[in-house]
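Overview (structure and organization)
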Protein chains: 2
Amino acid sequence: MARWEPNARERLQAAAFELFEERGYDGTTVGDIAARGGLTERTFFRYFTDKREVLFSGSEELEKLIVSAIASAPETMPPLDVVVAALAASSPAFEARRAIARKRQALIAAHAELRERELIKALKIAATLVTCLRERGVPQATATLLGQTGTALFQNAFERWIEDPKKRDLAHHMHAALAELRRLTAETGKATRGVKDARSGAAKSPRR
Amino acid sequence: MARWEPNARERLQAAAFELFEERGYDGTTVGDIAARGGLTERTFFRYFTDKREVLFSGSEELEKLIVSAIASAPETMPPLDVVVAALAASSPAFEARRAIARKRQALIAAHAELRERELIKALKIAATLVTCLRERGVPQATATLLGQTGTALFQNAFERWIEDPKKRDLAHHMHAALAELRRLTAETGKATRGVKDARSGAAKSPRR
DNA sequence: CTCCTGATGTCAGAACGTGACATGACGTGC
DNA sequence: GCACGTCATGTCACGTTCTGACATCAGGAG
């Protein structure tokens, strides 16, 4: 018999999910989570750098999935399509978890701290995309833009997926988003510089 | 004579900037900042909800600028151009502050907490863009995508602006980014579905 | 059998953030 | 010109998050 129950990490995640549903995110303490997992607060922080982090363990796996999908894309495919296809490749992994994803997303939407964390995970994935693209020979500046555009498309598709009454899969929504982007960029290009000097309004010298 | 020195808020911001440069972000305490501003820690938290927030006061002003720029865009302009033009309209406000912006950006880049906050500010601006577009009659889904694409372009342009040795303005980089996006989306559209089934690799059922 | 390793616990403490209440200059109305 | 309310600030007390240092102790290696 092992000295400790196995799967401490998973136990903590499960406990956290339960408690967040029962008492809300703010209403539950790291100590509470640890206790329900049969562990100590200190131990929680050895597994997760953060109270928030306990909700975001999946993003590494998503990343791996994306990397391998990019690797298997044909050399000749246009880079934006590579990005879209790679992100769409995670689709099957999500299908099984629509219900969980919904709850989790509701939690995140309700807490600014959690939204912040989610955004930085997206950024991390964008950075990974950029690295992969660079290795395929895409120039830096282009790769950066592609990474950002790709995650924008993904987030957009994810939102639509999660509330899609027809339950079409994530890949479907990715391709729909791409099609729309294509439409938007196609109709542009003529009057691009129209408003350029419209710094009319109030607000002198914002700090930003 | 007033009972208290005026401009408490500005004093706190200035103190924070100084101290962050002197001792780094982690090395300075909210108490330190307040003390240098001649105030109390408690008072700091009345002006800023957060230690981080003291670095991000400019984003509201940026937002106002953008809103008024959108308002003055011609009705007939394609929506993506409206977005780009609106974001580019903040350009003059930034020109005066390239040096400060650099320092600030270095600080943010070095601290995940700060990057998180920056990202959520960008999201806020994206949401504002969406609202403005909706008021112009752009359908919801399209507006969402435009907001995301727009902020992606902005962030991209901002990065390039801040390190541009030729010191071209932010508007220039915005338009360059748009041009590149247009190029990327133009060359797409043929082999879009190539990788779609490439969920080959490892990693079964990521949580995310 | 002994020693080492690694997961966990215990303890103390700093920093963040908040609620409740106190203070006291200033302006307003009477 | 006096009483009163307001508002920015201070004071205090407290809960939570997160960290460093050190203790414990089962099980495996030698």
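Refer to the structure printed above.
Let me sum up the structure you'll find in this document. (Residues numbered from 1 in each chain as written. Chains lettered and ligands numbered in written order. Predicted model: local features only at pLDDT ≥ 70, side-chain atom pairs only at ≥ 80, totals over all residues. Heavy atoms only, no water.)

**Topic: the overall build of chain A**
We count it as follows: Going along the chain from the N terminus, every DSSP run of H or I of four or more residues is numbered as a helix, and every run of E of two or more is numbered as a strand. Remark: exposure states derive from per-residue accessible area (1.4 Å probe, protein chains only) relative to the maximum for the residue type, with buried under 20%, exposed over 50%, and partly exposed in between. The contact rule is simple, with two residues in contact once any of their heavy atoms fall within 4.5 Å. Note on areas: these come from Shrake-Rupley sampling with a 1.4 Å probe, and a residue is covered only by the protein chains present in the view.
Scanning chain A from N- to C-terminus turns up ten helices and zero strands. From first element to last, N terminus to C terminus, chain A shows the α and β order α-α-α-α-α-α-α-α-α-α. Out of the 208 residues belonging to chain A, those deemed buried represent 52%. When contacts within chain A are restricted to residue pairs at least 6 apart in sequence, those whose partners lie at least 24 apart make up 63%. Split by element, the accessible area of chain A, about 9800 Å² in all, is 52% carbon and sulfur.

**Things to note about the nonpolar core**
Stated formally: In these notes, a set of buried Ala, Val, Leu, Ile, Met, Phe, Trp, Tyr and Cys residues joined through side-chain atoms within 4.5 Å is what counts as a nonpolar core.
In terms of nonpolar packing, the biggest core is built from 76 residues, with A:L153, A:M174, B:I66, B:L153 and B:M174 touching the most fellow members. B:I33, B:L55, B:L107 and B:I108 belong to the second largest nonpolar core, which has 18 residues in total.

**Here's the deal with helix α1 (residues 8–23) of chain A**
Residues and elements named next belong to chain A. Convention followed: Helix span is expected to be 1.5 Å times the residue number reduced by one. The arc under discussion is defined with respect to the helix axis, by the directions toward the C-beta atoms.
With 16 residues, α1 should reach 22 Å at 1.5 Å per residue; the first-to-last C-alpha distance of 22 Å fits that figure. Along α1, the residues that are buried comprise A8, L12, Q13, A15, A16, L19 and F20. Burial along α1 is one-sided: seen end-on, the buried residues are contained in an arc of 165°. Counted as exposed and oriented over 90 degrees from the buried face of α1: E21 and E22. Those residues of α1 hidden inside the fold are in contact with α2 (30–36), α3 (41–47) and α7 (98–109). With its phi angle positive at about 80°, G24 sits one or two positions after the end of α1.

**Overview of the side chain of B:E53**
Residues and elements named next belong to chain B. Our working rule: Within 3.5 Å is the distance limit for a polar contact, defined as a pair of N or O atoms, with the added protein rule that one can donate a hydrogen and the other accept it, and that residues adjacent in sequence qualify only through two side-chain atoms.
Locating E53 in the fold gives a position in the loop between α3 (41–47) and α4 (58–71). A residue is classified by how much of its surface remains accessible, and E53, at 15% relative accessible area, is buried. Polar contacts involving the side chain of E53 include one to the side chain of K121, which spans 2.6 Å. Leave out the neighbours within four places in its chain, and E53 touches F48, R117 and K121.

**With respect to the packing of helix α8 (residues 112–135) of chain A against helix α8 (residues 112–135) of chain B**
This is how the line gets drawn: Lines fitted to C-alpha atoms define the axes, with helix axes restricted to the stretch in contact, and inter-axis angles between N-to-C directions lie between 0 and 180 degrees. Roughly parallel means an angle under 35 degrees; roughly antiparallel means over 145; roughly perpendicular covers 65 to 115; every other angle is labelled oblique. Each residue is assigned to one of three groups, with Ala, Val, Leu, Ile, Met, Phe, Trp, Tyr, Cys and Pro labelled nonpolar, Asp, Glu, Lys and Arg labelled charged, and all others, Gly among them, labelled polar.
Where α8(A) contacts α8(B), the two axes come as close as 8 Å, and the packing angle between them is 100°. It follows that α8(A) is roughly perpendicular to α8(B) by the angle criterion. Seen from α8(A), the contacting residues are A:A112, A:R115, A:E116, A:R117, A:L119, A:I120 and A:L123; seen from α8(B), they are B:A112, B:R115, B:E116, B:R117, B:L119, B:I120 and B:L123. The residue makeup of the contact of α8(A) with α8(B), split by class, is eight nonpolar, no polar and six charged.

**Side note on the packing of α7(A) against helix α9 (residues 140–162) of chain A**
Residues and elements named next belong to chain A. For the record, the criterion: Take the far helix as your reference; a near helix turned counterclockwise from it by less than a right angle gives a left-handed crossing, and one turned clockwise gives a right-handed crossing.
With their axes 10 Å apart at the nearest point, α7 and α9 run at an angle of 110° to one another. For the element pair α7 / α9, the angle class is roughly perpendicular. Seen along the crossing, α7 lies across α9 with a hand that is left-handed. Side by side, α7 and α9 meet where R98, A101, R102 and Q105 of the first sit next to F158, W161 and I162 of the second. By residue class, the composition of the contact of α7 with α9 is four nonpolar, one polar and two charged.

**With respect to unusual backbone geometry**
For A:K167, which is not a glycine, the phi torsion comes out positive at approximately 55°. Structurally, A:K167 can be placed in the loop between α9 and α10 (170–186). The class of A:K167 is exposed, set by a relative accessible area of 58%. Even without being a glycine, B:N7 presents a positive backbone phi close to 60°.

**Side note on helix α10 (residues 170–186) of chain B**
Its 17 residues give α10(B) an end-to-end C-alpha distance of 24 Å, which sits within 8% of 24 Å, the value for a rise of 1.5 Å per residue. Among all positions of α10(B), only B:L170, B:A171, B:H173, B:M174, B:H175, B:A177, B:L178, B:E180, B:L181, B:L184 and B:T185 are buried. Of the surrounding secondary structure, the elements contacted by the buried residues of α10(B) are α5 (79–88), α9 and α10 of chain A together with α5 (79–88), α6 (91–95) and α9 (140–162) of chain B.

**A closer look at the pattern of salt bridges**
Basically, it comes down to this: What makes a salt bridge here is a side-chain nitrogen of Lys or Arg within 4 Å of a carboxyl oxygen of Asp or Glu, nothing more.
Applying the stated rule across the entire model yields 34 salt bridges over all chains. One salt bridge connects A:K103 with A:E21, and the closest N-O pair in it is separated by 3.3 Å. In this pair, A:K103 sits in helix α7 while A:E21 sits in helix α1, placing the two residues 82 residues apart along the sequence. Just as A:K103 is exposed, A:E21 falls in that class too. Taking the shortest distance from any N to any O, the salt bridge between B:R117 and A:E116 comes out at 2.5 Å. Residue B:R117 is found in helix α8, and its partner A:E116 is found in helix α8; the two belong to separate chains. For B:R117, a relative accessible area of 9% gives the class buried.

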